[in-house]
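The lines below spell out each chain.
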Amino acid sequence: MIWFKAFVSGFLATLVFHQGLFTLFWLGDLVPKAPFNLSPVPPLGVPAVVSLAFFGGLWGMALWLILGRLAGVKFWLGHVIAGAIGPTAVAMLVVFPLKGLDVSSQTWVGGLLLNGFWGLGVALFMRLMGAKAPSGLR
């Protein structure tokens, strides 16, 4: 059940935190593309934002695997830091080049901010769903 909670936390954090901050960036003319992209993406033709949220769910599971035993400030900071670095590094070093997208200092900084905020959202949703570190591992 904990893995389902971790997936749901990552999925929801993508829609609420990541895309919420992306919306603020877009409203402030800091990014050219609108949030909540509904354009279909291969191979299944699902909306891009749903695909992004699915991968956010997988990343949420990875964060729980790595950070789930932490408590207190370490839990929260760990999610922000790992959330910022992991997904951003994969996006900039793998996904963007595969899609032919430009990688710049602006995309790195934007990615770190968006994904760090996403990581905070994962931690919050995990706590709201009652997920706690296993006893004896804190």
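This structure is a prediction, so every number in the text was calculated from the model and none was measured.

Caption draft 1: Quick peek at unusual backbone geometry. Residue Pro43 is bonded to the preceding Pro42 through a cis peptide linkage, with omega at 5°. Take Pro43: it is sitting in the loop between strand E1 (40-41) and strand E2 (46-47). Look at Asp29: it is not a glycine, yet its phi comes out positive at around 55°. Secondary-structure assignment places Asp29 in the loop between helix H1 (2-27) and E1. Its identity is not glycine, yet Phe36 carries a phi of approximately 55°, on the positive side. By the element assignment, Phe36 lies in the loop between H1 and E1. With relative accessibility at 37%, the residue Phe36 sits in the partly exposed group.

Caption draft 2: Structural view of the nonpolar core. Membership of the largest hydrophobic core comes to 13 residues, with the highest contact counts inside it found for Ala13, Leu63, Trp64, Phe75, Trp118, Val122 and Met126. Of all elements in the fold, only H1, helix H2 (48-67) and helix H4 (105-128) reach the threshold of two or more residues within this core. With five residues, the next largest nonpolar core counts Phe22, Phe25, Val31 and Leu114 among its residues.

Caption draft 3: Spotlight on the packing of H2 against helix H3 (residues 72-99). It is at 10 Å that the axes of H2 and H3 come closest, and there the two elements cross at 130°. Taken together, H2 and H3 sit at an angle that is classed as oblique. Every pair of crossing elements has a handedness; the one defined by H2 and H3 is right-handed. Between H2, through Trp59, Leu63, Trp64 and Leu67, and H3, the contact on the second element is made entirely by Phe75, Gly78, His79, Ala82, Gly83, Gly86, Pro87 and Val90. Among the residues making up the contact of H2 with H3, the classes are represented as eight nonpolar, four polar and no charged.

Caption draft 4: Expanded view of a nonpolar patch on the surface. Among the surface-exposed residues, Val73, Leu77, Ile81, Ile85 and Leu112 lie close enough to one another that they form a single nonpolar patch of about 460 Å² accessible area. A total of four residues in the nonpolar patch trace back to one element, the largest contributor, which is H3. The topology assignment puts Ile81 in helix H3.

Each value, and the rule that gives it
Residues numbered from 1 in each chain as written. Predicted model: local features only at pLDDT ≥ 70, side-chain atom pairs only at ≥ 80, totals over all residues. Heavy atoms only, no water. Helix = DSSP H or I, 4+ residues; strand = E, 2+ residues; numbered from the N terminus. Buried < 20%, exposed > 50% of the residue type's maximum accessible area, 1.4 Å probe, protein only. Core = buried A, V, L, I, M, F, W, Y, C linked by side-chain atoms within 4.5 Å. Axes fitted to C-alpha atoms, helices over the stretch in contact; angles between N-to-C directions. Parallel < 35°, antiparallel > 145°, perpendicular 65-115°, else oblique. Left-handed = near helix turned anticlockwise from the far one by under 90°. Contact = heavy atoms within 4.5 Å. Nonpolar A, V, L, I, M, F, W, Y, C, P; charged D, E, K, R; others polar. Patch = residues over 30% accessible without salt bridge, like charges linked within 9 Å, V, L, I, M, F, W, Y side chains within 5 Å. Areas by Shrake-Rupley, 256 points an atom, 1.4 Å probe, with all protein chains shown as cover. Salt bridge = Lys/Arg side-chain N within 4 Å of Asp/Glu carboxyl O.

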